Amino acid sequence: MTQTAIPRPVITTDALYERVRHAVPQVEWQASFADDAAAIMALKQTRNAVVLAHNYQTPEIFHGVADVVGDSLALAREAQEVDADVIVLAGVHFMAETAKLLNPSKTVLVPDLEAGCSLAESITAADVRALKAAHPGVPVVTYVNTSADVKAESDICCTSGNAVKVIESLGVERVIMIPDEYLAQNIAAQTGVEVITWPGHCEVHERFTPADIRTIREENPGVVVLAHPECPPEVVAEADLAGSTAQMQAYVEQRQPATLALITECSMSDNLAALHPDVRMVRPCAMCPHMKRSTLVKIRRSLETMTAEVTIDESVAARAREAVEKMLAIR
Ligand code: 13P
Ligand code: SF4
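Predicted model, so just to flag it, every value in this text is computed and none were measured.

Undergrad: How would you summarise the domain arrangement of the protein chain if you had to cite specific residues and measurements?
TA: Domain boundaries assigned for the protein chain yield domain 1 (14–116 + 291–305), domain 2 (120–201) and domain 3 (205–282). The distance between the C-alpha centroids of domain 1 and domain 3 comes to 25 Å. Opposite the twelve residues of domain 1 that make contact, domain 3 presents 14 residues. Buried surface at the junction of domain 1 and domain 3, both sides included, amounts to about 1,000 Å², of which 55% is carbon and sulfur. Counting across the domain 1 and domain 3 interface gives one salt bridge. In this structure, the salt-bridge partner of Glu-265 is Lys-292, at a minimum N-O distance of 3.0 Å. Linking domain 1 with domain 3 are ten residue pairs in polar contact (both at pLDDT 80 or more). The element that contributes the greatest number of residues to the side of domain 1 that touches domain 3 is helix α3 (residues 59–65), accounting for three residues.

Now the structure itself:
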């Protein structure tokens, strides 16, 4: 799984700019980002803090101040390894909750408490209890894009990067797979396991259509199209490959396609383009408003004020942690 640990020496603003120069014009860096980035680097030292950033974070966060970047799975794995007192999770709330579940004694901060997710908001713990009552004995596989309350009602978690392995590890013919209907349908098609699902959707990936991909192909002969499995199955069917954001990155690193279209969130293309300037990116962009709530200004404020701290009631946390740890034990 792709993840990048960036060393944390004290770093000058010029050296910091070197990290982002492929993605951010110098004039924009100086005017909008340099002060906050320098302050964040200093605060990380003072607080003994690390910044974990999801692949959908903007380039000045992703390439500039993050210590670890990756997909949901890599961030959860790395959260287990972190040697720091404070974790700032530049991403959305459920990711910070997962980091907190795995680090109960550390301070986990999220730059904006309102950074939610349409999938996490689509289902409650009571909904899961009702599903279990309707399908007794059927294991519940819960996407990490959920609250700790929902994870606590689940047998095991999964991400888009390991869903096939997680489902196959159960050795059953039927699972309840929540809350992403499209991910569940896409994974069912790969595993042959019957899924009972839930009508949750990612508000970013549900917007793409098969016609979008056909147009991209017409306009860009030879283009390689990679789609996130949160997209509807008919969109995935038009793509060359479906995979998590880390699997997309691994594909580009290994195959270096001449022309590439990523059917996912906008910053993914920006961040990968900076790493692979020779790959021509077609950018069928869809922005996640929740991911975009993280900014350098808010990360700086988080570290200055030590807010917003993520807390989880221990009666919920113990059960939710078990579901996440079971997932992480699958390699
Ligand atoms: P991954 O990075 O795990 O592929 O997930 C994408 C996503 O939408 C996270 O919210
Ligand atoms: Fe949630 Fe979709 Fe945004 Fe990911 S991209 S955080 S799944 S709304």
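Undergrad: Explain the layout of surface pockets to me, and be specific about the residues and the numbers.
TA: The computed volume of the largest pocket comes to approximately 220 Å³. For the largest pocket, the lining is made up of 16 residues, of which Val-164, Ile-187, Gln-190, Pro-229 and Ala-242 are closest to its centre. Elements with a minimum of two residues in the lining of the largest pocket: α8 (163–170), α9 (181–191) and α11 (233–236). Looking at the lining of the largest pocket element by element, the count peaks at five residues for α9. Classifying every residue of the lining of the largest pocket gives eight nonpolar, eight polar and no charged. Split by domain, the residues of the lining of the largest pocket number at least three in each of domain 2 (120–201) and domain 3 (205–282).

Undergrad: Give a detailed account of unusual backbone geometry, specifying residues and quantitative values.
TA: Note that the residue after Ile-178, namely Pro-179, is joined by a cis bond; omega there is -10 degrees. Within the secondary structure, Pro-179 is located in the loop between β8 (174–178) and α9. Omega for the peptide link from Thr-307 to Ala-308 comes to -10 degrees, which places this bond in the cis form. Positionally, Ala-308 belongs in the loop between α14 (296–305) and α15 (314–328). Not every positive phi belongs to a glycine, and Gln-256 is a case in point at roughly 45 degrees.

Undergrad: Describe the sheet that holds strand β9 (residues 194–196), and please don't skip the residues or the numbers.
TA: Spatially, β7-β6-β8-β9 is the arrangement adopted by the four strands of the open sheet, whose pairing is parallel. Of all the strands in the sheet, the pair left with one neighbour each is β7 (156–158) and β9. Across the sheet, the mean angle separating the axes of adjacent strands is 35 degrees when strand polarity is ignored. In this sheet, β9 lies alongside β8 in parallel orientation, the contact comprising three bridges. When the sheet's bridge partners are listed, Ile-176 is paired in β9 with Ile-196. Contacts between α9 and the sheet are confined to β6 (140–143), β8 and β9, with β8 contributing the most and set at about 145 degrees to the helix.

Undergrad: Got a sec to walk through the site of ligand 1? Specific residues and values, please.
TA: The environment of ligand 1 is formed by 13 residues, the closest being His-54, Ser-72, Ser-160, His-228 and Thr-245. Between Ser-72 and ligand 1, the recorded distance is 2.8 Å, taken from a side-chain N or O atom to an oxygen atom. Between ligand 1 and the protein, one listed contact pairs an oxygen atom with a side-chain N or O atom of Thr-245 at 2.6 Å. Relative to its unbound accessible surface of 300 Å², ligand 1 loses 96% to contact with the protein. According to the grid-proximity analysis, the pocket containing ligand 1 is the largest cavity. Classifying every residue of the shell around ligand 1 by side-chain character gives four nonpolar, seven polar and two charged.

Undergrad: Go over the site of ligand 2 with me, naming the residues and quoting the values.
TA: Residues in close proximity to ligand 2 include Tyr-56, Cys-117, Ser-118, Leu-119, Asn-145, Cys-202, Val-204, Glu-230, Cys-288, His-290 and Met-291, which together make up its full environment. Using a 2 Å cut-off from the grid points, one finds that ligand 2 occupies the largest cavity.

Undergrad: I'd like a description of the side chain of Asp-67, backed by residues and values.
TA: Among the structural elements, Asp-67 can be located in the loop between α3 and β3 (68–70). Since its relative accessible area comes to 4%, Asp-67 is described here as buried. A distance of 3.0 Å separates polar atoms of two side chains, one belonging to Asp-67 and the other to Lys-44. For Asp-67, the side chain forms a polar contact with the main-chain nitrogen of Val-51, separated by 2.7 Å.

Analysis parameters
- Residues numbered from 1 in each chain as written.
- Chains lettered and ligands numbered in written order.
- Predicted model: local features only at pLDDT ≥ 70, side-chain atom pairs only at ≥ 80, totals over all residues.
- Heavy atoms only, no water.
- Domains from an automatic or database assignment.
- Contact = heavy atoms within 4.5 Å.
- Buried area = accessible area lost by both parts, 1.4 Å probe.
- Salt bridge = Lys/Arg side-chain N within 4 Å of Asp/Glu carboxyl O.
- Polar contact = N/O pair within 3.5 Å; in protein donor to acceptor, adjacent residues only side chain to side chain.
- Helix = DSSP H or I, 4+ residues; strand = E, 2+ residues; numbered from the N terminus.
- 1 Å grid on protein atoms, 1.4 Å probe; cavity = no way out; pocket = protein on both sides within 12 Å on 5 of 7 lines; lining within 4 Å.
- Points joined across faces, edges and corners; volume = space filled by probe spheres on them.
- Nonpolar A, V, L, I, M, F, W, Y, C, P; charged D, E, K, R; others polar.
- Pairing = 2+ DSSP bridges.
- Axes fitted to C-alpha atoms, helices over the stretch in contact; angles between N-to-C directions.
- Near = heavy atom within 4 Å.
- Areas by Shrake-Rupley, 256 points an atom, 1.4 Å probe, with all protein chains shown as cover.
- Sits in = over half its atoms within 2 Å of the grid points.
- Buried < 20%, exposed > 50% of the residue type's maximum accessible area, 1.4 Å probe, protein only.

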